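# An overview of the molecular structure
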Amino acid sequence: MFKMFKEDVEVVFDQDPAARSYLEVILTYSGLHAIWNHRIAHAFYKRKLYFIARVISQISRFFTGIEIHPGAKIGRRFFIDHGMGIVIGETCEIGDNVSVFQGVTLGGTGKEKGKRHPTIQDNVLIATGAKVLGSITVGENSKIGAGSVVLKEVPPNSTVVGIPGKVVIQDGVKIGKDLNHSDLPDPITDRFKELETEIKKLKMELELARKQEERSL
């Protein structure tokens, strides 16, 4: 446990250029506090001391703004940058050297039983605001773009962006058209455009019906 705690501190210096000293990191990094609290809570959870585990996790949530269920399995060198609003579900499994940013959700899609949260393999990066939902696997060395909603399996060595998430790079090769973070699909805007088209169509049909009625008089 102590070795893992030490690695959790070291990964902060590897990933965050703003980190200046061990004292600063240990005392002020809420992501680090959330990870340490989770490791303690998970140890109680594995011993079926569920109440104590949940109490530790809820206290951690109150102070850090990061909610990690004590049942989640998290590997070594897990890095949380900023962290506010992160949610990690009970049956989530996270490998080694994984980084997540604020607003990320690793959650379920409903009230199903059993394995209902994602499996995140080694060396994955999940950017700000991304949602990875359901019992799916994100393959090793993959990247999930900011704001993406991932509902399907992600192959290893892939980059996923969009709503719903689509693989745009795999094994270093671009797939389909380029899709930048500044031009992510917006399903709400798309739906409004569809409604506008339907309204125009209905107006044209009403105008045509009105003219036909006037001719028949």
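Residues numbered from 1 in each chain as written. Predicted model: local features only at pLDDT ≥ 70, side-chain atom pairs only at ≥ 80, totals over all residues. Heavy atoms only, no water.

An unreviewed UniProt entry lists the protein under the name Serine acetyltransferase, with Peribacillus asahii as the source organism. Word for word, the UniProt comment on the protein under Pathway (unreviewed entry) is "Amino-acid biosynthesis; L-cysteine biosynthesis; L-cysteine from L-serine: step 1/2." As its UniProt record puts it under Function (unreviewed entry), the protein is described as follows: "Catalyzes the acetylation of serine by acetyl-CoA to produce O-acetylserine (OAS)." (UniProt positions renumbered as here; feature names shortened; annotations may be inferred.)

This next bit is on the nonpolar core. If you look at the biggest cluster of nonpolar residues, it comprises 27 residues, and the most contacted ones within it are F78, I88, I94, L106, I120 and I126. Beyond its immediate chain neighbours, meaning those up to four positions away, L106 contacts V87, I88, G89, C92, I94, H117, P118, I120, I126 and V132. V9, V11, Y29 and F79 belong to the second-largest nonpolar core, a separate cluster that totals 10 residues. (Core = buried A, V, L, I, M, F, W, Y, C linked by side-chain atoms within 4.5 Å. Buried < 20%, exposed > 50% of the residue type's maximum accessible area, 1.4 Å probe, protein only. Contact = heavy atoms within 4.5 Å.)

On to the packing of aromatic side chains, then. Summed over all chains, the structure comprises four aromatic pairs. Where F5 meets W36, the ring centres are 5.2 Å apart and the plane angle is 25°; that geometry is what we call stacked. Of this pair, F5 sits in helix α1 (residues 2-15) while W36 sits in helix α3 (residues 30-46), placing them 31 residues apart in sequence. Of the two residues, F5 and W36, neither departs from the other in class, the shared state being buried. Judged by centre distance (5.2 Å) and plane angle (90°), the rings of F62 and F63 are edge-to-face. Residue F63 is classed as exposed on the basis of its relative accessible area of 65%. (Phe/Tyr/Trp six-rings, centres within 6.5 Å; stacked < 30°, edge-to-face > 60°. Helix = DSSP H or I, 4+ residues; strand = E, 2+ residues; numbered from the N terminus.)

Our focus in this paragraph is the sheet that holds strand β2 (residues 73-74). Taken together, the four strands give an open sheet; going across it, the order is β2-β5-β8-β11, and neighbouring strands pair in parallel fashion. Two strands lie at the open edges of the sheet, namely β2 and β11 (137-138), each paired on one side alone. Where strand β8 (residues 119-120) lies against β11, two bridges are found, and the strand directions are parallel. Within the sheet, the bridge partner assigned to T119 lies in β11 and is T137. (Pairing = 2+ DSSP bridges.)

Our focus in this paragraph is the environment of P118. Here P118 shows up in the loop between β7 (105-107) and β8. When the C-alpha atoms of P118 and M84 are compared, they prove to be 20 Å apart, with 34 residues separating the residues in sequence. With sequence-adjacent residues up to four places away left out, P118 is seen in contact with T91, C92, E93, L106, G107, V132, L133, G134 and I136.

To continue, consider the pairing of strand β15 (residues 166-170). Here strand β14 (residues 158-161) pairs with β15 via four bridges, running antiparallel. Residue pairing across strands places V160 opposite V167, the latter belonging to β15. Counting the residues in the hairpin turn of β14 and β15 gives four residues, including G162, whose phi is positive at 100°. Taking the residues that link successive antiparallel strands as the turn, the β15-strand β16 (residues 173-174) hairpin has two residues, and the phi of D171 there is positive, at about 55°.

Right, let's talk about helix α4 (residues 50-64) for a bit. Look at α4: 21 Å from first C-alpha to last across 15 residues, which is about the 21 Å you get at 1.5 Å a residue. Regarding α4, the residues found buried are A53, S57, S60 and T64. Down the axis, α4 shows its buried residues gathered within 60° of arc, on one side only. Projecting away from the buried face of α4 at angles above 90 degrees are the exposed residues F51, F62 and F63. (Expected span 1.5 Å × (residues − 1). Arc of directions from axis to C-beta.)

Here five strands make up an open sheet; going across it, the order is β1-β4-β7-β10-β13 and the pairing parallel. Pairing within the sheet leaves two strands with one partner each, and these edge strands are β1 (67-68) and β13 (149-150). The pairing of β7 with strand β10 (residues 131-133) spans three bridges and is classified as parallel. Among the inter-strand pairings, G107 is bridged to a residue of β10, identified as L133.

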